[in-house]
Amino acid sequence: MASTRKSSADTPEQPNPAVVRTQEYDAGEGWQVGQAAPDDAYRALDTAGTGEPTGPVVHRHPGGYARLIVQKGATVTASVRRELDAAEAEGEQG
């Protein structure tokens with residue numbers, strides 16, 4: 001009597017679900033975490049010598065002392081987003 005079961009050689013090997021990578025998508029450009037910064041972001045530093053950031057975020061070096069928050073094309077991280085939010089909140093207060 002012939003066996004109706006297929007041998008393991010007849011069935012294609014199935015990938016292990018733990019090894020299959022999910023599809024990845026480009027986050028695009030923007031100012032949200034994980035996206036590529038569309039432009040440089042600078043913030044002036046206090047000239048009184050404290051080195052505290054002051055003023056709004058600008059996209060060209062403001063002259064004098066300034067800190068580059070994120071470079072164009074770099075990934076926006078959580079700390080970059082916090083600094084952008086802090087500058088925005090400070091601008092709303094002042």
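The structure under discussion appears in the preceding block.
Keep in mind that this is a model prediction, so the values were computed, not measured.

Thresholds, definitions, all that
Residues numbered from 1 in each chain as written. Predicted model: local features only at pLDDT ≥ 70, side-chain atom pairs only at ≥ 80, totals over all residues. Heavy atoms only, no water. Helix = DSSP H or I, 4+ residues; strand = E, 2+ residues; numbered from the N terminus. Buried < 20%, exposed > 50% of the residue type's maximum accessible area, 1.4 Å probe, protein only. Contact = heavy atoms within 4.5 Å. Areas by Shrake-Rupley, 256 points an atom, 1.4 Å probe, with all protein chains shown as cover. Expected span 1.5 Å × (residues − 1). Arc of directions from axis to C-beta. Pairing = 2+ DSSP bridges. Axes fitted to C-alpha atoms, helices over the stretch in contact; angles between N-to-C directions. Polar contact = N/O pair within 3.5 Å; in protein donor to acceptor, adjacent residues only side chain to side chain.

Q: Would you mind going over the overall build of the chain in detail, with residue names and values included?
A: Within the chain one finds 1 helix and 3 strands. For the chain, the α and β elements follow one another from N to C terminus as β-β-β-α. Looking at the 94 residues of the chain, the share that counts as buried comes to 16%. Partitioning the intrachain contacts of the chain with sequence separation of at least 6 by distance along the chain shows that 49% fall at a separation of at least 24. Carbon and sulfur atoms form 50% of the exposed surface of the chain, whose accessible area is close to 7,500 Å².

Q: Any chance you could break down helix α1 (residues 78-93) for me, citing the residues and the numbers?
A: Compared with the 22 Å implied by 1.5 Å per residue over 16 residues, the 22 Å span of α1 between its first and last C-alpha is a close match. The complete set of buried residues in α1 reads V80, R81, E83, L84 and A87. Axial view of α1: buried residues confined to an arc of 165°, hence all on one face. What points out from α1, more than 90 degrees from its buried face, is the exposed set R82, E92 and Q93. Elements in contact with the buried residues of α1: β1 (41-45), β2 (53-58) and β3 (66-70).

Q: So what about the pairing of β1? Which residues, and what values?
A: Most of β1 sits out of view: 4 of its 5 residues are buried. As paired elements, β1 and β3 share 4 bridges and run antiparallel to each other. When the bridges of β3 are listed, Y42 appears paired with L68. Taken together, the 3 bridges between β1 and β2 define a ladder with antiparallel strand orientation. Its bridge partner lying in β2, L45 is registered against P53.

Q: Could you give me a rundown of the sheet that holds β3, with the residues and numbers involved?
A: Taken together, the 3 strands give an open sheet; going across it, the order is β2-β1-β3, and neighbouring strands pair in antiparallel fashion. Looking at which strands have only one partner, the edges of the open sheet turn out to be β2 and β3. Along the sheet, successive strands turn relative to each other by an average axial angle of 25°, direction set aside.

Q: Go over the side chain of Q35, please, and point to the residues and values.
A: Within the secondary structure, Q35 sits in the segment before β1. Engagement of the side chain of Q35 in a polar contact is seen with the backbone nitrogen of W31, the distance being 3.4 Å. Residues in contact with Q35, not counting those within four places in the same chain, are A27, G28, E29, G30, A74, T75 and V76.

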